[in-house]
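# Survey of secondary and tertiary structure
Now for the letters of each chain:
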Amino acid sequence: MTVNGSRWSGDVPARQTLCDFLRDELELTGTHVGCEQGACGACTILGDGEAVRSCLMLAVQADGMELTTIEGMGEPGNLSTLQAAFLRHRAFQCGFCTPGFLASAAEILGSGRRYSRRELRDMLSGNVCRCTGYEPIVEAVFECQR
Amino acid sequence: MKPPPFEYHRPETLDEALAIMAEHGDQAMPLAGGQSLIPLLAMRLVRPGRIVDLSRVGELQQVSVAEGRVSIGAMARQRDIEHDPRMPGLVRVAVPHIGHFQIRNRGTVGGSLSHMDPAAEWPAIALALDAVMVAASVRGRRDITADAFMIGPQMTSLEPEELLVEVVLPMRTEGFGFAEVTRRGLGDFALAGAACQDKAVVVFGVGLRPQRLRVVEDFLNRGGGTRAEISAVAASEIQATDAIHTSSHYRRVVAAALVGAVIEESQARGGVA
Ligand SMILES: Cc1cc2nc3c(=O)[nH]c(=O)nc-3n(C[C@H](O)[C@H](O)[C@H](O)COP(=O)(O)OP(=O)(O)OC[C@H]3O[C@@H](n4cnc5c(N)ncnc54)[C@H](O)[C@@H]3O)c2cc1C
Ligand code: FES
Ligand code: FES
């Protein structure tokens, strides 16, 4: 598999989930784990450009895939457009939900379509944030559509 | 690690998958999109000795249209179905209600039907469209009607060594209606829902499996009535059970109101009800 542009190959225990593999094996701890049952969205990453729950995949199912985690989206001093918009809009407080929101938003923006705030609100409802109240998150994604 | 240990198989063909199912029978579980099975494993609610990952079985991903019918391979993803213009109208309006788009990116049609969540959209769609489920094992294939397929929560009439390979639906682009009530708009499981295709009426998320409302269908066949009258007939026919978030009373009342709404919607779409 390819993770953030680097190839990785090796054996994994069949029962290891993808989020545990990323965090424990690759030490990519930016992928956060909340509910571990698909509901909260914290663990969302990009698999072949699509937003997927890394808690609902076995690592072995990512065989051959191209994965992007938060560590592959930008870095301090060189933030992605979306990350910069999140910062400008104060779209996070504790930041636990942020990597997942960025992955979901990356797929939404990647579609090239322009959505209304109302549509974005629905589309982003698969990620839970306990801090911000969502307004600034929706604004940041809305702004990046331009 | 949260899931219990298991042997992992990743067959490349259907024959190979069926051979593994035949050999290991009831201690093997197929893995489709994993959106329901991985949490069950992580919570150790299931402990299969073997997992048979169907993701590489190309035969199961086909979608084809012929003679007014649409055949959807069990491993077709919700994401692909949702955007496929060849789908029946009821499928197109109902599938976007399945979870969030991240779930639909992985979840499959066959997984959803086999998992048989009473509040899931696919079993209700299948029942309203009189879908045919095609099951396969090393001994051959058999057709199962939607009604005979679904038994109860996480229970279908598939034998342990059988796989659901495809679902066949009539191509209908008019006369359908669909509505559900959830806690937060799209994304959440339905607290109660209704679907119809012409005079076939189904409620879901109310009892242990989706229910065809034969008394309502008879009422419609005899000329029907006002929306309120239809809902009243539905309310007396619906068999509701209590659930975590909802009482049986709530489910019956809400589903009956939705029945009236979906029939009106289907008539507006040129339905023959
Ligand atoms: C947060 C969240 C929200 C959701 N919301 C909804 C919702 O609103 N509506 C809804 O309908 N669903 C919802 N789901 C469930 C989702 O649609 C699941 O994907 C679906 O129920 C199972 O499909 P799957 O492909 O992921 O199957 P899996 O999880 O891989 O498998 C499910 C079960 O089916 C069996 N199985 C799979 N394929 C076959 C086959 N071909 N033959 C025989 N048995 C098979 C498996 O062994 C397993 O027992 C939600 C899930 C999550 C995590
Ligand atoms: S941890 Fe994966 S969705 Fe919550
Ligand atoms: S910023 Fe704290 S959960 Fe979203």
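Note that the coordinates shown come from a computational prediction; the quantities given were computed from them, not determined experimentally.

For the rest of this paragraph, the subject is the domain arrangement of chain B. All names here are of chain B. The assigned domain composition of chain B is domain 1 (7-53), domain 2 (58-170) and domain 3 (176-268). Here the C-alpha centroids of domain 1 and domain 2 sit 18 Å apart. Tallying the contact residues gives 16 residues for domain 1 and 20 residues for domain 2. Its largest share of buried area at the contact with domain 2, domain 1 owes to L14, L18 and Q35, together 41% of the area lost on that side. The interface formed by domain 1 and domain 2 contains zero salt bridges. For the pair domain 1 and domain 2, the number of links is one residue pair in polar contact (both at pLDDT 80 or more). Split into classes, the residues belonging to the side of domain 1 that touches domain 2 amount to nine nonpolar, five polar and two charged.

What follows concerns helix α9 (residues 214-221) of chain B. Residue and element names in this part refer to chain B. Within α9 the residues assigned to the buried category are V216, E217, F219 and L220. Down the axis, α9 shows its buried residues gathered within 160 degrees of arc, on one side only. On its buried face, α9 is in contact with β13 (200-204), β14 (211-212), α10 (227-237) and α11 (248-268). Positive backbone phi, approximately 120 degrees, marks G223, located one or two places after α9.

What follows concerns the site of ligand 1. Neighbouring residues of ligand 1: 33 residues in total, closest B:P30, B:G34, B:L37, B:T108 and B:E121. Chain contributions to the surroundings of ligand 1 come from chains A and B. Separating an oxygen atom of ligand 1 from a backbone N or O atom of B:Q35 is a distance of 2.8 Å. A distance of 3.5 Å is found between an oxygen atom of ligand 1 and a backbone nitrogen or oxygen belonging to B:H97. Protein coverage of the free-state accessible area of ligand 1, which is 970 Å², stands at 93%.

Enumeration according to the criterion identifies 22 salt bridges over all chains in this entry. B:R227 is the salt-bridge partner of B:E264, the closest N and O atoms lying 3.0 Å from each other. With B:E264 in helix α11 and B:R227 in helix α10, this residue pair connects regions lying 37 residues apart in the sequence. Exposure remark for B:R227: the relative accessible area of 39% places this residue in the partly exposed category. One connected set of salt bridges, linked through shared partners, spans A:E50, A:E107, B:R77, B:R79 and B:D80.

What follows is about the interface of chain A and chain B. Contact with chain A, which involves 29 residues of that partner, is made by 29 residues of chain B. When residues of chain A are sorted by the area they lose upon contact with chain B, A:R15, A:L56 and A:Q61 head the list and together hold 27% of the total. Where chain A packs against chain B, one counts five salt bridges. At the junction of chain A and chain B, the tally comes to 13 residue pairs in polar contact (both at pLDDT 80 or more). When grouped by side-chain class, the residues that make up the side of chain A that touches chain B number 12 nonpolar, 10 polar and seven charged.

Time to look at the pairing of strand β10 (residues 163-170) of chain B. Residues and elements named next belong to chain B. Counting buried residues along β10, six of its eight residues qualify, which places the element largely inside the surrounding structure. Where strand β5 (residues 69-73) and β10 come together, five bridges link them in antiparallel fashion. Directly across from G73, in β10, lies its bridge partner E166. With five bridges joining them, strand β6 (residues 132-137) and β10 adopt antiparallel strand pairing. What sits directly across from M133, in β10, is V167.

Let us now look at a nonpolar patch on the surface. On the surface, A:L79, A:L87 and A:F92 cluster together into a nonpolar patch covering about 240 Å² of accessible area. As for its placement among the helices and strands, A:L79 is situated in the loop between β5 (66-68) and α2 (81-88).

With that settled, consider the confidence of the model for chain B. Across chain B, the average pLDDT comes to 95, with 99% of residues at 70 or higher. For this predicted complex, the interface confidence score (ipTM) comes to 0.96, while the overall pTM stands at 0.96.

All names here are of chain A. Strand order across the open sheet formed by five strands is β2-β1-β5-β3-β4, with mixed pairing between neighbours. Across the chains shown, the open sheet's two edge strands, defined by having one partner strand only, are β2 (6-7) and β4 (50-53). As paired strands, strand β1 (residues 2-3) and β5 are joined by two bridges and run parallel to one another. Directly across from V3, in β5, lies its bridge partner L67. Packing of helix α3 (residues 98-110) onto the sheet brings it into contact with β3 (44-47) and β4, and relative to β3 it is tilted by some 40 degrees.

Procedures and definitions
- Residues numbered from 1 in each chain as written.
- Chains lettered and ligands numbered in written order.
- Predicted model: local features only at pLDDT ≥ 70, side-chain atom pairs only at ≥ 80, totals over all residues.
- Heavy atoms only, no water.
- Domains from an automatic or database assignment.
- Contact = heavy atoms within 4.5 Å.
- Buried area = accessible area lost by both parts, 1.4 Å probe.
- Salt bridge = Lys/Arg side-chain N within 4 Å of Asp/Glu carboxyl O.
- Polar contact = N/O pair within 3.5 Å; in protein donor to acceptor, adjacent residues only side chain to side chain.
- Nonpolar A, V, L, I, M, F, W, Y, C, P; charged D, E, K, R; others polar.
- Buried < 20%, exposed > 50% of the residue type's maximum accessible area, 1.4 Å probe, protein only.
- Helix = DSSP H or I, 4+ residues; strand = E, 2+ residues; numbered from the N terminus.
- Arc of directions from axis to C-beta.
- Near = heavy atom within 4 Å.
- Areas by Shrake-Rupley, 256 points an atom, 1.4 Å probe, with all protein chains shown as cover.
- Pairing = 2+ DSSP bridges.
- Patch = residues over 30% accessible without salt bridge, like charges linked within 9 Å, V, L, I, M, F, W, Y side chains within 5 Å.
- pLDDT = per-residue confidence, 0-100.
- Axes fitted to C-alpha atoms, helices over the stretch in contact; angles between N-to-C directions.

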